[in-house]
Amino acid sequence: MNISVDLHSHSGYAGGVGKIELTDVSATMKMKGIDVFATGDILLPARYNCLEKELVCQNNGLYKLHNNDKSNFLLQTEIILTVKLAGYKNKTVAHHVILFPDFKSIKKMAKLMDDWGQKNTIGRPFIVSDSREQMVERLFAITNIDPRIEIIPAHIMTPDGVLGCKNMLESIEEFYGDFLANIHAVETGLSADPPMLEQIPYVSDLTLISNSDCHSAALNRIGREFTNLNIDSLSYEQIITSIRENKVNFTAEFNPAEGRYYRTGHASKRHVGKDYYILSDEDKLINKCPICGKKMVIGVYDRINQLADKNIKALKREFYPLIPLIEVVAYSLELKSITSKRVIEVYMDIIALSGTEIALWGCTESEIIELLDKRIPLKTMYAIIAVKKGQFKFDPPGFDGEYGKLKIKNK
């Protein structure tokens, strides 16, 4: 069987995130077509206690809400590994997703963190190590809790990813050392897609998964990236096995140009009274802004060019770029807010006709016309078809923490 999973999220216990109710998450999952969604922030004691009350364990290692809701949840957190690597002036900081089979294993990891003297007071806890050897020992200690625990480098090319511009590592081997064999997959992140990552040595051999890393239950957040897996039966173990054995049917990718760290540049908010700056393809890579002279965030596009090996024979991976449907609807109606009443009405009309957003994007042009013609505004239907044809761009593209601005050719 094939399932669509979104295995990286956050809760109201993480910084920069509002309160998120799992009932709202479940409602959005159904509209998007997500079969399994990760809880986020499960290591934080307050979040742990909340979810232990809200969720009931199934025999398959997944969880459901107590109200007989059919949505499936998987226990997950993001952690931040911090270590001083030999040869680098600054500490290396890298974000990771960890998937857990049960609450018992989470308790054991929390105990490990206590033994290591690590604070566990925020949604994304830091694990600080004095050396790579110590960090590797700790990674092995985590996986030794239960062989089903999976550690996945998160959004690896963004500034906080292991290969991002804050670290400027030459390879992931530098970071993981002897633990590298236990890294089975990496997360693409919103500013990269498989063809970009397949240019990077060793990364090109790993499973690539895509997740929303969402901070709300909004329709343009949950499922904005997801992974479709080939499994024998619906269970936690089957999900982990499919990741480890690269049984990925396809990933749905947030268009990299919409991602907040796609290009190198400086946002206009950094320049009082002046415009933004984005490094062009023709310009030599620089890390200081020509307008203000301050350090810029090197975009994923340029970081990949720094690390790429053009001789790599990459695996052929199925993927397709995805623009959240609610954003397409808002653009077509020339409304700025995706939460406006009219935008929500049209979106819900489309879902009533297609079943889920994933199902809609899987339709051919003729199927979309047959499904939507005369049932929703024509300009919205044509915008959906234009996106299917690739007749869109992001201008400007995402950079310096700013999302790219969608422009559709045929409205």
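A brief structural summary.

Thresholds applied
- Residues numbered from 1 in each chain as written.
- Predicted model: local features only at pLDDT ≥ 70, side-chain atom pairs only at ≥ 80, totals over all residues.
- Heavy atoms only, no water.
- Helix = DSSP H or I, 4+ residues; strand = E, 2+ residues; numbered from the N terminus.
- Buried < 20%, exposed > 50% of the residue type's maximum accessible area, 1.4 Å probe, protein only.
- Contact = heavy atoms within 4.5 Å.
- Pairing = 2+ DSSP bridges.
- Polar contact = N/O pair within 3.5 Å; in protein donor to acceptor, adjacent residues only side chain to side chain.
- Salt bridge = Lys/Arg side-chain N within 4 Å of Asp/Glu carboxyl O.
- Phe/Tyr/Trp six-rings, centres within 6.5 Å; stacked < 30°, edge-to-face > 60°.
- Lys NZ or Arg CZ within 6 Å of the ring centre and 35° of its normal.
- Core = buried A, V, L, I, M, F, W, Y, C linked by side-chain atoms within 4.5 Å.
- Arc of directions from axis to C-beta.

In terms of helices and strands, the chain carries 13 helices and 17 strands. Viewed in the frame of its principal axes, the chain has a C-alpha envelope of about 65 × 55 × 45 Å. Counting over 411 residues, the chain shows a buried share of 56%. Looking at the chain alone, contacts between residues at least 24 apart form 67% of all its contacts between residues at least 6 apart.

As a further point, take the pairing of strand β8 (residues 150-153). Covered by surrounding structure in β8 are Glu150 and Ile152 together with Ile151 and Pro153, the residues of both alternating faces. Bridge analysis of strand β6 (residues 92-100) against β8 gives four bridges, and the strand direction is antiparallel. In the strand pairing of β8, Leu99 is matched with Glu150.

The residue Thr143 is located in helix α4 (residues 132-145) in this model. Residue Thr143 is classed as buried on the basis of its relative accessible area of 13%. Among the polar contacts listed, one links the side chain of Thr143 to the backbone oxygen of Phe140, at a separation of 3.0 Å. Other than its neighbours up to four places away in sequence, Thr143 contacts Ile149, Ile151 and Phe179.

Going through the model one piece at a time under the given rule, you end up with 18 salt bridges. A salt bridge links Arg244 to Glu150; the nearest nitrogen and oxygen atoms lie 2.6 Å apart. Here the residue Arg244 occupies a position in helix α7 (residues 236-244), and Glu150 occupies one in strand β8, the gap between them amounting to 94 residues. On the basis of relative accessibility, which here comes to 1%, the residue Glu150 falls in the buried class. Here the salt bridges do not stand alone but share partners, grouping Asp102, Asp146, Arg148 and Glu237 into one network.

Right, let's talk about the packing of aromatic side chains for a bit. Taken as a whole and judged by the stated rule, the model has 10 aromatic pairs. A centroid spacing of 5.3 Å and a plane angle of 85° characterise the contact between Tyr63 and Phe103, whose relative ring orientation is edge-to-face. Placement of Tyr63 in strand β4 (residues 63-65) and of Phe103 in helix α3 (residues 103-115) is noted, with a sequence separation of 40 residues between them. Here the two residues Tyr63 and Phe103 agree in accessibility, since each one is buried. Where Phe226 meets Phe250, the ring centres are 6.1 Å apart and the plane angle is 75°; that geometry is what we call edge-to-face. Taken as a pair, Phe226 in strand β11 (residues 226-230) and Phe250 in strand β12 (residues 248-254) lie far apart in primary sequence, 24 residues in all. For Phe226, a relative accessible area of 1% translates into the label buried. Taken together through their ring pairs, the aromatic side chains of Tyr48, Tyr63 and Phe103 make up a single cluster. In this structure, Arg260 is placed above the aromatic ring of Tyr403, and the distance from its NZ or CZ to the ring centre is 5.7 Å. Lying across the ring of Tyr301, Arg263 places its NZ or CZ 4.0 Å from the centre.

Attention shifts here to the pairing of strand β5 (residues 72-83). For β5, a buried count of 12 out of 12 residues is recorded, marking the element as mostly surrounded by other parts of the structure. Neither face of β5 is exposed, since Asn72, Leu74, Gln76, Glu78, Ile80 and Thr82 on one face and Phe73, Leu75, Thr77, Ile79, Leu81 and Val83 on the opposite face are all buried. As judged from the nine bridges shared by β5 and β6, these two strands associate in the antiparallel manner. Counterpart to Ile80 in the pairing with β6 is His95. Inspection of the sheet shows β5 paired to strand β7 (residues 126-129) by four bridges, in the parallel sense. Its bridge partner being in β7, Thr82 is matched across the sheet by Val128.

Residues Met109, Leu163, Phe175 and Ile384 are the most contacted members of the largest nonpolar core, which totals 101 residues. Top contributing element to this core by residue count: helix α13 (residues 378-389), with six residues. Once residues lying within four places of it in the same chain are set aside, the contact partners of Leu163 are Ile156, Met157, Leu169, Ser171, Ile172, Ile200, Val203, Arg303 and Leu307.

Looking at the element boundaries, Thr158 is found in the loop between β8 and α5 (173-176). Ignoring sequence-local partners within four residues, the contact set of Thr158 consists of Gly164, Cys165, Tyr261 and Val300.

Relative to the elements of secondary structure, Thr339 occurs in the loop between α9 (325-332) and α10 (341-354). Polar contacts involving the side chain of Thr339 include one to the side chain of Ser337, which spans 2.7 Å.

Considered for burial, the residues of helix α12 (residues 365-372) that qualify are Ile368, Leu371 and Leu372. Down the axis of α12, the buried side of the element spans an arc of 75°, and every buried residue falls inside it. Seen from the open side of α12, the exposed residues pointing more than 90 degrees away from its buried face are Ser366 and Glu370. Residue Lys374 follows α12 closely and has a positive phi angle near 70°.

What follows concerns the environment of Pro147. Among the structural elements, Pro147 can be located in the loop between α4 and β8. Residue Pro147 is classed as exposed on the basis of its relative accessible area of 63%. Separated by 109 residues in sequence, Pro147 and Ala38 place their C-alpha atoms 19 Å apart.

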